[in-house]
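Here are the chains, one letter per residue:
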Amino acid sequence: MPARPLPAALLALAVAGTVILPPVASAESGPGTEARNRQIVTEAFERWQAGGTGFFSEVLSPDVVWTIEGSGPTAGRHEGRDVLIARGVRPLTSRLATPIRPVAKTVCADGEHVIVAWQGEATAADGQPYVNRYAWILRMQEGKAVEVNAFLDLAAYDDVLRRIPAAPAQ
């Protein structure tokens, strides 16, 4: 089966200098796949919004390839859920006084892709607000994200890392 072209919503999220490759054909894409993928991600976001903490383990495959798009020290590719959490999530969350919570979201799906545009809010350890807008493009397979392209305001993320020292390792 030939690879399908990127959905219009995906193309609209493209950033100058960023290359997003066409999706690989999947044997799983059939009737109901799109709705099921959208439901999985939507429900996981709703649990997170309500105070849940298991989003990454619920939605991501252990072997996920997560790419933080952009330039700077935080951008890059993380291979594996544990690597992502250690290098991309924990450096920020360890500097927050409250967990990041989604306060607004839009979820769209096209076949094996789910696109989530969302705003997250938290309070940093120094008492200042942390507010960021995200666009995540998840490629789903068997109910789990196996590939994610994450767009966010890296300046806001990196500002927290610069402003607040890392907690000592325990």
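Keep in mind it's a predicted model, so treat the numbers as computed, not measured.

Some thoughts on the overall build of the chain
Argument step 1. Check the secondary structure of the chain and you find five helices and six strands.
Argument step 2. Its helices and strands in sequence order give the chain the pattern α-α-α-β-β-α-β-β-β-β-α, from N to C terminus.
Argument step 3. Burial status across the chain gives 44% buried among its 170 residues.
Argument step 4. Once local pairs closer than 6 in sequence are excluded, the contacts in the chain between residues at least 24 apart make up 56%.
Argument step 5. Carbon and sulfur atoms make up 55% of the accessible area of the chain, which amounts to about 8,900 Å² in all.

A word on the pattern of salt bridges
Argument step 1. What the rule picks out here adds up to five salt bridges.
Argument step 2. For arginine 47, the salt bridge identified is with glutamate 58, shortest N-O distance 2.5 Å. Pair noted here: arginine 47 is in helix α2 (residues 33-49) and glutamate 58 is in helix α3 (residues 55-59), with a separation of eleven residues, a long-range link.
Argument step 3. Among the residues examined, glutamate 58 registers a relative accessible area of 29% and is labelled partly exposed.
Argument step 4. With its nearest N and O atoms 2.9 Å apart, the salt bridge here joins glutamate 147 to arginine 139.

A few points about the confidence of the model for the chain
Argument step 1. Looking at the chain as a whole, its pLDDT mean stands at 86, while 81% of the residues score no less than 70.
Argument step 2. Low pLDDT, under 50, characterises residues 8-27; the stretch is placed with 28 contacts to residues that sit more than four places away or in other chains.

Cut-offs used in this document
Residues numbered from 1 in each chain as written. Predicted model: local features only at pLDDT ≥ 70, side-chain atom pairs only at ≥ 80, totals over all residues. Heavy atoms only, no water. Helix = DSSP H or I, 4+ residues; strand = E, 2+ residues; numbered from the N terminus. Buried < 20%, exposed > 50% of the residue type's maximum accessible area, 1.4 Å probe, protein only. Contact = heavy atoms within 4.5 Å. Areas by Shrake-Rupley, 256 points an atom, 1.4 Å probe, with all protein chains shown as cover. Salt bridge = Lys/Arg side-chain N within 4 Å of Asp/Glu carboxyl O. pLDDT = per-residue confidence, 0-100.

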